[in-house]
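# Analysis of the macromolecular model
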Amino acid sequence: MEPEGAARDGRLRRSPSPPEVADELRARIRSGALRPGQRMPTQAKLGHEFGVTRGAVRSALQILHVEGLLVDVSRGSPATVARHPGPGPFAAPPQPTMVSLAPRIEAAFAAPHVEIDAVCLTSVSLTFAMGEPLRQIHAGRLNPARIDVRVLLPSRDIDLAFPTPADASTGDGLHRRWLAQRNAQGQVLRHHLLALRSTHGIDVHVAFRSLPFTPPVKLYLLNGAEALFAYYTLTRRSEEVEHEPLEMYDAEGTRSMLFAFGTGVGLQDTTFVEQSHLWFNSLWETISSELVLSS
């Protein structure tokens, strides 16, 4: 690829997109032009070569990082070609949400513009996964310019499909407990993200909207390039709620197996990511409503 400039016919060439830059760098790694263990050129040099901004370079490097071709992408110094290139997270077997979500969220924060959309039951897993990238920002190892987070959660006004008492005539306390957890987790997530405005000057936007149904799956969309998907699998169990034993149907969301899909991995993965974005946006823009995180 050539830097952006005047073409022979006098018209300006289009700057390559981050995926196109990633395609060229991937080809150099596969061909051996960039060898395992070799440091990549600096972001400034790559930006000059391809005629793109450093932000576009960082996004391209991030694509190769999630594919397992680069390491040390978010540590400030030039990235390194992996000595033993792995298949990346999209070829790896699914893992429990609490295991696999946090590193994917941290990797997403290496981009200059972080975009995270989520559909879930309480945002417990998402709030937990945000901990490490926030720590890296405060340590000066990550420095996104903008963060946009949108979260869809069930409305407080619906009869939840789960958690729900096995005996429908009991269990108002179960709904109250779920609601308190939903609101508390959302408030913590929003507070820690918005605090980055004053502490680091990052342009942060966090929005919540409520759904008129209980989502049977959880979905996380990262930077327009990844979709992480898990089923809520229900079990019947007994637990104490408001000091009373209660039989209930519920799902342990933190243990739900998370499947990863990425654009550029293949037609099926790319289509799944695209359709997941369309689905999320359709819910956000139509049947969802304002969500107030209060008791």
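Refer to the structure printed above.
Let me sum up the structure you'll find in this document. (Residues numbered from 1 in each chain as written. Predicted model: local features only at pLDDT ≥ 70, side-chain atom pairs only at ≥ 80, totals over all residues. Heavy atoms only, no water.)

### A few points about the packing of aromatic side chains
Counted under the stated rule, the structure contains five aromatic pairs. A centroid spacing of 5.8 Å and a plane angle of 90 degrees characterise the contact between phenylalanine 229 and phenylalanine 272, whose relative ring orientation is edge-to-face. In this pair, phenylalanine 229 sits in strand β9 (residues 226–231) while phenylalanine 272 sits in helix α8 (residues 267–285), placing the two residues 43 residues apart along the sequence. Classification of phenylalanine 229 by relative accessible area gives buried; the value is 17%. Clustering of aromatic rings is evident, with ring pairs tying together Phe229, Tyr231, Phe261 and Phe272. In this structure, arginine 150 packs its charged tip against the face of tryptophan 284, placed 5.1 Å from the ring centre. (Phe/Tyr/Trp six-rings, centres within 6.5 Å; stacked < 30°, edge-to-face > 60°. Helix = DSSP H or I, 4+ residues; strand = E, 2+ residues; numbered from the N terminus. Buried < 20%, exposed > 50% of the residue type's maximum accessible area, 1.4 Å probe, protein only. Lys NZ or Arg CZ within 6 Å of the ring centre and 35° of its normal.)

### Some words on the pattern of salt bridges
Opposite charge on two side chains lets them pair, provided their charged atoms get close. Within this structure, the stated rule accounts for 13 salt bridges. A salt bridge links glutamate 239 to arginine 177; the shortest N-O distance between them is 2.5 Å. Of the two residues, glutamate 239 sits in strand β10 (residues 234–241) while arginine 177 sits in helix α7 (residues 172–200), which places them 62 residues apart along the sequence. Under the relative-accessibility criterion, arginine 177 is labelled partly exposed at 32%. It is possible to trace a salt-bridge network through shared partners that takes in Arg177, Arg237, Glu239 and Asp250. (Salt bridge = Lys/Arg side-chain N within 4 Å of Asp/Glu carboxyl O.)

### Some remarks on helix α1 (residues 18–31)
Relative to the 20 Å expected for 14 residues at 1.5 Å per residue, α1 spans 20 Å between its end C-alpha atoms, a close match to the ideal helical length. When α1 is considered as a whole, its buried residues turn out to be Val21, Ala22, Leu25, Arg26, Arg28 and Ile29. Here the buried residues of α1 occupy an arc of 160 degrees about the axis, which is enough to place them on one side. Opposite its buried face, α1 presents the exposed residues Arg30 and Ser31, each directed more than 90 degrees away. Elements that come into contact with the buried residues of α1 comprise α2 (43–50), α3 (54–66), β1 (70–71) and β2 (80–81). Within two residues after α1, glycine 32 carries a phi angle of roughly 95 degrees, on the positive side. (Expected span 1.5 Å × (residues − 1). Arc of directions from axis to C-beta. Contact = heavy atoms within 4.5 Å.)

### Quick word on the sheet that holds β9
Reading across the sheet, the eight strands line up as β3-β12-β9-β8-β4-β5-β7-β13 and stay open at both edges, with mixed pairing between neighbours. Of all the strands in the sheet, just β3 (95–96) and β13 (289–290) have a single pairing partner and so form its edges. Direction of pairing for strand β7 (residues 203–211) relative to β13: antiparallel, over a ladder of two bridges. Of the residues in β13, the one forming a bridge with arginine 209 is glutamate 290. (Pairing = 2+ DSSP bridges.)

### Focus on the side chain of serine 123
With respect to the helices and strands, the residue serine 123 is situated in the loop between β4 (113–119) and α5 (124–129). Residue serine 123 is classed as buried on the basis of its relative accessible area, which comes to 2%. Leaving out residues up to four positions away in the same chain, serine 123 has contacts with Leu153, Gln185 and Gly186.

### Some thoughts on the environment of histidine 113
Within the secondary structure, histidine 113 sits in strand β4. Assessed through its relative accessible area of 33%, histidine 113 is described here as partly exposed. At 3.5 Å, the side chain of histidine 113 forms a polar contact with the side chain of arginine 146. Among the polar contacts listed, one links the side chain of histidine 113 to the side chain of aspartate 148, at a separation of 2.6 Å. (Polar contact = N/O pair within 3.5 Å; in protein donor to acceptor, adjacent residues only side chain to side chain.)

### Regarding the pairing of strand β11 (residues 244–251)
Judged from the two bridges that link them, strand β6 (residues 164–165) and β11 form a sheet pairing that is antiparallel. Across the sheet, residue proline 165 finds its bridge partner in β11, namely methionine 248. Direction of pairing for β10 relative to β11: antiparallel, over a ladder of eight bridges. Bridged to serine 238 within β11 is glutamate 247. Counting the residues between successive antiparallel strands, the hairpin from β10 to β11 contains two residues, one of them, glutamate 242, with a positive phi of roughly 50 degrees.

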